[in-house]
Amino acid sequence: GLWLARGLLWGSGNDAAEDYPDPAVVTATNGTDQLSGLPVIEEGDLPSEARDTLALIDAGGPFPYSADDSVFGNREELLPDHESGYYREDTVSTPGESDRGARRIVVGRGGEYYYTDDHYQSFERIDR
């Protein structure tokens, strides 16, 4: 599955499970994710192209863009702080765009998923 495929790319190392957050989304009463403080979006409420990208991630590819499955640096510091290489990103295609567009799914090594439709200016935690 996803983590086996990504584990081969990321290397299994000696990372203990407790080093990473529980990937379960715990929604606070105000509709935000308690881990990240970000708004929560249900997988079924994502655009169909984002659900297609999640299916590709789950399958381990193949990804349509050469920049997919690359390290996401979290330079905007909107996602929880982790070591370099913790996050990977994949393109969500945008109909009518001639390039990669602004939509991405970012996956944390601990199994958490985030969606941005504005090229990292904001994120939502995906509840899957």
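As the structure is a prediction and not an experimental result, all values here were calculated from the model. (Residues numbered from 1 in each chain as written. Predicted model: local features only at pLDDT ≥ 70, side-chain atom pairs only at ≥ 80, totals over all residues. Heavy atoms only, no water.)

## Here we look at the pairing of strand β3 (residues 87–91)
Here is step 1: Here β3 lies mainly inside the structure; 5 of its 5 residues are buried.
Here is step 2: Neither face of β3 is exposed, since Tyr87, Glu89 and Thr91 on one face and Arg88 and Asp90 on the opposite face are all buried.
Here is step 3: Bridge analysis of strand β2 (residues 70–72) against β3 gives 3 bridges, and the strand direction is antiparallel. Bridged to Val71 within β3 is Arg88. (Buried < 20%, exposed > 50% of the residue type's maximum accessible area, 1.4 Å probe, protein only. Helix = DSSP H or I, 4+ residues; strand = E, 2+ residues; numbered from the N terminus. Pairing = 2+ DSSP bridges.)

## Details of the side chain of Arg88
Here is step 1: Of note, Arg88 is situated in strand β3.
Here is step 2: Of the polar contacts made by the side chain of Arg88, one reaches the backbone oxygen of Asp69; its length is 2.4 Å. (Polar contact = N/O pair within 3.5 Å; in protein donor to acceptor, adjacent residues only side chain to side chain.)

## What about the pattern of salt bridges?
Here is step 1: By the definition in use, this model includes 9 salt bridges.
Here is step 2: Between Arg103 and Glu49 there is a salt bridge, and its shortest N-O distance comes to 3.2 Å. With Arg103 in the loop between β3 and β4 (104–108) and Glu49 in helix α2 (residues 48–59), this residue pair connects regions lying 54 residues apart in the sequence.
Here is step 3: Relative accessible area serves as the criterion here: at 13%, Arg103 is assigned to the buried category.
Here is step 4: Between Glu89 and Arg100 there is a salt bridge, with the nearest N and O atoms lying 4.0 Å from each other. Remark: Arg100 occurs in the loop between β3 and β4 and Glu89 occurs in strand β3; sequence separation between them is 11 residues. (Salt bridge = Lys/Arg side-chain N within 4 Å of Asp/Glu carboxyl O.)

## Brief notes about the sheet that holds β4
Here is step 1: Across the sheet, 6 strands lie side by side as β1-β6-β5-β4-β3-β2; this open sheet has mixed pairing. With one partner strand each, in any of the chains shown, β1 (40–42) and β2 form the two edges of the open sheet. Within the sheet, the average angular offset between the axes of one strand and its neighbour, ignoring direction, is 40°.
Here is step 2: Relative to strand β6 (residues 124–127), strand β5 (residues 113–116) runs antiparallel, the two being bridged by 2 bridges. Opposite Tyr115, over in β6, you have Glu124 as the bridge partner.
Here is step 3: Along the sheet face, α2 touches β3, β4 and β5 and points at about 35° away from the line of β4. (Axes fitted to C-alpha atoms, helices over the stretch in contact; angles between N-to-C directions. Contact = heavy atoms within 4.5 Å.)

## A few points about the nonpolar core
Here is step 1: With 11 residues, the main nonpolar core is built from Ile41, Leu46, Ala50, Leu54, Ile57, Val92, Ile105, Val107, Tyr113, Tyr115 and Ile126.
Here is step 2: If you list the elements that add at least two residues to this core, you get α2, β4 and β5.
Here is step 3: Top contributing element to this core by residue count: α2, with 3 residues.
Here is step 4: If near-sequence neighbours (up to four positions away) are discounted, Val92 is found in contact with Glu49, Ala50, Thr53, Arg100, Arg103, Arg104, Ile105 and Tyr115. (Core = buried A, V, L, I, M, F, W, Y, C linked by side-chain atoms within 4.5 Å.)

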